[in-house]
Every structure is written in structure tokens, then in C-alpha cells.
Amino acid sequence: MSLTDKEYYNLTISISKALSNVEMPIKVKHVRAAIIGTFHSNGGHAFWAIAIRQPIQGNRIVAWKFCHLLHKILREGHPLCCAHSMRHRTMLLEAGKMWGHLTDGYGICIKHYTKLLVTKLEFHDRNPRIPGSLSLRQGDLEKIGEGDINI
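Residues numbered from 1 in each chain as written. Predicted model: local features only at pLDDT ≥ 70, side-chain atom pairs only at ≥ 80, totals over all residues. Heavy atoms only, no water.

**Some words on the overall build of the chain**
Defined as follows: Starting at the N terminus, helices and strands are each numbered in turn, a helix being any DSSP run of H or I of at least four residues and a strand any DSSP run of E of at least two. Whether a residue is buried, partly exposed or exposed follows from its accessible area with a 1.4 Å probe, protein chains only, as a fraction of its type maximum: under 20%, in between, or over 50%, in that order. Any pair of residues with heavy atoms lying within 4.5 Å of one another is described as a contacting pair. The Shrake-Rupley method, run with a 1.4 Å probe sphere, supplies the accessible areas, and residue values consider only the shown protein chains as cover. Charged residues are defined narrowly, with Lys and Arg counted positive, Asp and Glu counted negative, and His plus the chain ends left uncounted. For charged residues, the charge sits on one atom: NZ in Lys, CZ in Arg, CG in Asp, CD in Glu.
Regarding its fold elements, the chain presents eight helices and zero strands. Principal-axis analysis of the C-alpha atoms gives the chain an extent of 50 × 40 × 25 Å. Buried residues in the chain amount to 40% of all 151 residues. Taking the contacts inside the chain whose residues are at least 6 apart along the sequence as the reference set, 73% of them involve residues at least 24 apart. Total accessible area computed for the chain in this model is approximately 9,100 Å², and 57% of it derives from carbon and sulfur atoms. Taking the average location of the 20 positive side-chain charges in the chain and that of its 12 negative ones, the two points are 7 Å from each other.

And the structure:
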């Protein structure tokens, strides 16, 4: 299932509002709309198409909110979001490096948050059967490890 023009437009509005440059928390309804959008589009492609057009490199508040929103999407979004986000690792690291040069609190936090997000992406790339939320039911870990204690 792919997004209709109206759904894509609404997703664009929600992500743009979530990533506003106003120093206040992201509204839950915008995060929820972005997460639902990943399920409607069967992955993270639509999210990334919209997110990379936001001023992540131009505003520290937007960069911080982007990290937070991406983390939520990786945890609660469509299972393919982690795989679809792998190609954006370099952009994340570059944004972290750029903002890491700031002496205020946001810069160093953005640098460490982007590093955490890239580490999470690489973990899920190596362990594709572990969900983004990291929550497993009883017995799931044994199934993932195929009963081999070494795995």
C-alpha cells in the first residue's frame, strides 16, 4: 500500500510541524502521524523524503527534534524503517559532527544522539530479526538464536 497525495501531504504537514524551530516538545499527535505514515507507506522512504528537506543542518532545535522523531520512528514505526534508514547514516553523522562544534548544550547532545542513532541502525542491520523497539516476548530470543547458545 502506498500513500495517496492527500496522505503524503498530511504526513508532510505533520513532520514539518513536529520539526518546528520553536523550543518546545514535539506534540504527540505529530509523532503518531509520522509513525502511522510509516505503516501506510510500508517503511521509511516517505518519512525520509520529507525529513531530508527540513532545515536539520540550519537550526539546532530542528536537528534535536529530528533526532527525537527519528528515534521514535525507529522504535515504533514500520519494521522496515531501520533498513530504509541505513542509507542516511552518513548524513546523521555529518549533522552530529557539525552541531558538535557548538559550545551550548544542544550541540553536544545532538552529536551524541546522532551517534546513538547510527549505532542503533548498525545493530539492527547486524540483527535484522530483533525489532526496533527491542521488546521481545518470552521465547523470541531463543527463536532468533535458533537454539544455539553461541548466537
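What follows continues from the structure just given.
**Brief notes about the pattern of salt bridges**
Rule in force here: We count a salt bridge whenever a side-chain nitrogen from Lys or Arg sits within 4 Å of a carboxyl oxygen from Asp or Glu.
This model, assessed by the stated rule, comprises two salt bridges. For Lys72, the salt bridge identified is with Glu76, shortest N-O distance 3.7 Å. Of this pair, Lys72 and Glu76 both sit in helix H4 (residues 60-76), four residues apart, which is roughly one turn of the helix.

**Things to note about helix H1 (residues 5-18)**
In plain terms, the rule: Expected span of a helix, by definition, is 1.5 Å for each gap between consecutive residues, and there is one gap fewer than residues. This arc is built from the directions going out from the helix axis to the C-beta atoms.
Look at H1: 20 Å from first C-alpha to last across 14 residues, which is about the 20 Å you get at 1.5 Å a residue. Buried within H1 we find Leu11, Thr12, Ser14, Ile15 and Ala18. Relative to the axis of H1, the buried residues are bounded by an arc of 165 degrees and lie together on one face. For H1, exposure combined with an orientation more than 90 degrees from the buried face picks out Asp5, Lys6, Tyr9 and Lys17. Where H1 is buried, its residues touch helix H2 (28-40), helix H3 (45-51) and H4.

**Brief notes about the environment of Ile13**
In this fold, Ile13 is placed in helix H1. Separated by 13 residues in sequence, Ile13 and Ile26 place their C-alpha atoms 13 Å apart.

**Brief notes about the packing of aromatic side chains**
Stated precisely, the cut-off is as follows: Pairing of aromatic side chains here covers Phe, Tyr and the six-membered ring of Trp, requires ring centres within 6.5 Å, and sorts the geometry by plane angle: under 30 degrees stacked, over 60 edge-to-face, intermediate tilted.
The tally for this structure, following the rule as stated, stands at four aromatic pairs. With a centroid separation of 5.6 Å and 70 degrees between ring planes, the pair formed by Trp48 and Phe66 is classed as edge-to-face. Highlighted residues: Trp48 in helix H3 and Phe66 in helix H4, separated in sequence by 18 residues. Judged by relative accessible area, which is 1%, Phe66 ranks as buried. Within the aromatic cluster, the residues linked to one another by ring pairs are Phe47, Trp48 and Phe66.

**Here we look at the nonpolar core**
Just so we agree on the cut-off: Note on terminology: a nonpolar core comprises buried Ala, Val, Leu, Ile, Met, Phe, Trp, Tyr and Cys residues joined through side-chain atoms within 4.5 Å.
Ile15, Phe47, Phe66, Leu69, Leu70 and Leu92 are the most contacted members of the largest nonpolar core, which has 34 residues in total. Those elements that provide at least two residues to this core are H1, H2, H3, H4, helix H5 (81-85), helix H6 (89-100) and helix H7 (105-126). Ranked by residue count, the leading element in this core is H4, at eight residues. Those residues in contact with Leu92 that sit more than four places away from it in its chain are Trp48, Phe66, Leu70, Thr114, Leu117, Val118 and Leu121.

**So, the packing of H1 against H2**
Note the cut-off: For every element, the axis is a line fit to its C-alpha atoms; helices are fit only across the contacting stretch, and the angle between N-to-C directions ranges from 0 to 180 degrees. Note: crossing handedness is left-handed where the near helix turns anticlockwise from the far helix by less than a right angle, and right-handed where it turns clockwise. Lys, Arg, Asp and Glu make up the charged group, whereas Ala, Val, Leu, Ile, Met, Phe, Trp, Tyr, Cys and Pro make up the nonpolar group; the residues left over, Gly among them, are polar.
The interhelical angle for the contact between H1 and H2, taken along N-to-C directions, is 140 degrees, at an axis separation of 9 Å. For the element pair H1 and H2, the recorded crossing hand is left-handed. Counting all contacts with H1, which are made through Glu7, Leu11, Ser14, Ile15, Lys17 and Ala18, the residues of H2 involved are His30, Ala33, Ala34, Gly37 and His40. Tallied by class, residues from the contact of H1 with H2 come to five nonpolar, four polar and two charged.

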